[in-house]
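Chain residues, written in single-letter form:
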Amino acid sequence: MRPELPGNTSPETQPEQHLTGFRALVQGLLSVAFPVNCMGCGTALPARDRLLCERCPHERFSDPNPSNALTCEKLLLPEGILFQDALWKYDKGGLLNQIIHLLKYEGMAAVGEEVGYYAGRRLQERHIEGARRFESGAPVLLLPVPLHPKREQKRGYNQARQIALGMSRATALPVADPQLVVRQKNTKTQTRFSLSERMVNLKGAFRLTDFSLVQGRHVIIVDDVFTTGSTAFTLAGVLQEAKPASVSVFTIGMA
């Protein structure tokens, strides 16, 4: 007679239990042989899918609006833009630059959700609770800047959507359906373009597929880095046709 084992010992569940145990063993060995450390300070991390420890998001980056949480209101914004803000000041060649590179070019999609979670907490503190911008009661919608299908297929995901998912986890705000706004023009990389060249490059790039899902809502455009604002403001102009309650922009970095 086969000896009794504790717990569920049916033949169907035993292979699954062994597999789970084996995975845990492998993960444990990997954490010892190849420890994962915080990119900011080198502290050992409890999980292999994280880049930053609990302290570094608060201590290793510069606030783009350090003197006043509402400094962003003083910026010269296009008509119809309620506010434009970011989580951290962009540091070319620095730590945030490295994180954005991993997110966009090294296939590390989870990085977007990680930093997006911190962005969501900042959004909640500054613009939803602290500033009470949305007292009208109209629903708020997070809208990631869409990628062209060819570029998204090559990358495997939309980095702005990963950020928005992290923001949603922190705020419980919904993320727009990926097909709500279509990027119908595969624009050239804008890194070396002037502002006027960027605007020409983006003309006709976005198409809103359902006006009813934007009308009357507070839409927050989400992206990785705000540089000149050409992409976000072009998208905002398309959204204005649907008569939203407001349109705002929130990014991880502000150059």
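For the structure given in this document, a descriptive report is provided here. (Residues numbered from 1 in each chain as written. Predicted model: local features only at pLDDT ≥ 70, side-chain atom pairs only at ≥ 80, totals over all residues. Heavy atoms only, no water.)

### A short note on the environment of G42
Rule in force here: To qualify as a helix, a DSSP run of H or I must reach at least 4 residues; to qualify as a strand, a run of E must reach at least 2; elements of each kind are numbered from the N terminus. Three labels apply to residues, based on accessible area from a 1.4 Å probe with only protein chains included: buried if under 20% of the type maximum, exposed if over 50%, partly exposed otherwise in between.
As for its position among the elements, G42 is in the loop between helix 1 (14–33) and helix 2 (56–59). By relative accessible area, G42 is classed as partly exposed at 38%.

### Side note on the pattern of salt bridges
When the charged atoms of two side chains with opposite charge come close together, those side chains can pair. Just so we agree on the cut-off: The term salt bridge refers to a pairing of a side-chain nitrogen on Lys or Arg with a carboxyl oxygen on Asp or Glu at a separation within 4 Å.
Per the stated rule, a full pass over the model turns up six salt bridges. Among the salt bridges present, the one from D63 reaches R126, with a minimum N-O distance of 2.6 Å. Taken together, the residues span a long stretch of sequence, with D63 in the loop between helix 2 and strand 1 (81–89) and R126 in helix 4 (residues 110–130) at a distance of 63 residues. Accessibility expressed as a relative area gives 9% for R126, which makes it buried. Between D224 and K104 there is a salt bridge, with the nearest N and O atoms lying 3.3 Å from each other. Placement of the pair is D224 in strand 5 (residues 218–226) and K104 in helix 3 (residues 95–105), with a sequence separation of 120 residues.

### Things to note about the packing of aromatic side chains
The relation between two aromatic rings is expressed through the spacing of the ring centres and the mutual angle of the planes. Rule in force here: In this scheme Phe, Tyr and Trp rings, the latter by its six-membered ring, pair at centre separations within 6.5 Å, and the angle between planes marks the pair as stacked below 30 degrees, edge-to-face above 60, and tilted otherwise.
Tallied over the entire structure, the rule returns three aromatic pairs. Judged by centre distance (3.9 Å) and plane angle (15°), the ring pair of F61 and W88 falls under stacked. A residue pair is termed long-range when its members are at least 10 positions apart, and F61 in the loop between helix 2 and strand 1 and W88 in strand 1 qualify at 27 residues.

### Some details on the layout of surface pockets
Rolled over the atoms, a probe as big as a water molecule pinpoints where empty space is left. Basically, it comes down to this: Using a grid of 1 Å spacing that covers the protein atoms alone, one calls a set of points a cavity when a 1.4 Å probe fits there but cannot get out, and a pocket when the set is open and has protein on both sides within 12 Å along at least five of seven lines; lining residues are those with an atom within 4 Å of a point. Grid points are joined across faces, edges and corners, and a volume is the space filled by probe spheres set on the points. Only Asp, Glu, Lys and Arg are considered charged in this grouping, and only Ala, Val, Leu, Ile, Met, Phe, Trp, Tyr, Cys and Pro are considered nonpolar; every other residue, Gly among them, is considered polar.
Size it by volume and the second largest pocket reaches roughly 240 Å³. Around the second largest pocket sit 16 residues that line it, and P146, E152, P178, Q179 and V181 are the ones nearest its centre. For the lining of the second largest pocket, the elements supplying multiple residues, two or more each, are strand 2 (140–144), helix 5 (149–155) and strand 3 (181–183). Tallying contributions element by element places strand 3 first for the lining of the second largest pocket, with three residues. Residues belonging to the lining of the second largest pocket are distributed by class as follows: ten nonpolar, two polar and four charged.

### Here's the deal with the sheet that holds strand 5
Strand pairs in the sheet, formed through backbone hydrogen bonds, run parallel or antiparallel to each other. Just so we agree on the cut-off: Strand pairing requires that DSSP identify at least two bridges connecting the strands. As a rule, the C-alpha atoms of each element are fitted with a line to give its axis, helices using only the stretch in contact, and angles between N-to-C directions run from 0 to 180 degrees. Whether two residues touch is decided by their heavy atoms; if any such pair falls within 4.5 Å, the residues are in contact.
Reading across from one edge, 1-6-5-2 is the order of the four strands in this open sheet, with parallel pairing throughout. In this open sheet, the two strands that pair with only one neighbour each are strand 1 and strand 2. Across this sheet, the average inter-strand angle for adjacent strands is 25°, counted without regard to direction. Looking at chain direction, strand 2 and strand 5 are connected through five bridges and run parallel. Following the sheet pairing, P144 is matched in strand 5 by V222. Lying on the sheet, helix 6 (residues 159–171) is in contact with strand 2, strand 5 and strand 6 (246–254); it crosses strand 5 at an angle near 125°.

### With respect to helix 8 (residues 230–240)
With nine of eleven residues buried, helix 8 is to be regarded as a mostly interior element. Of the residues making up helix 8, those classed as buried are S230, T231, A232, F233, T234, L235, A236, V238 and L239.

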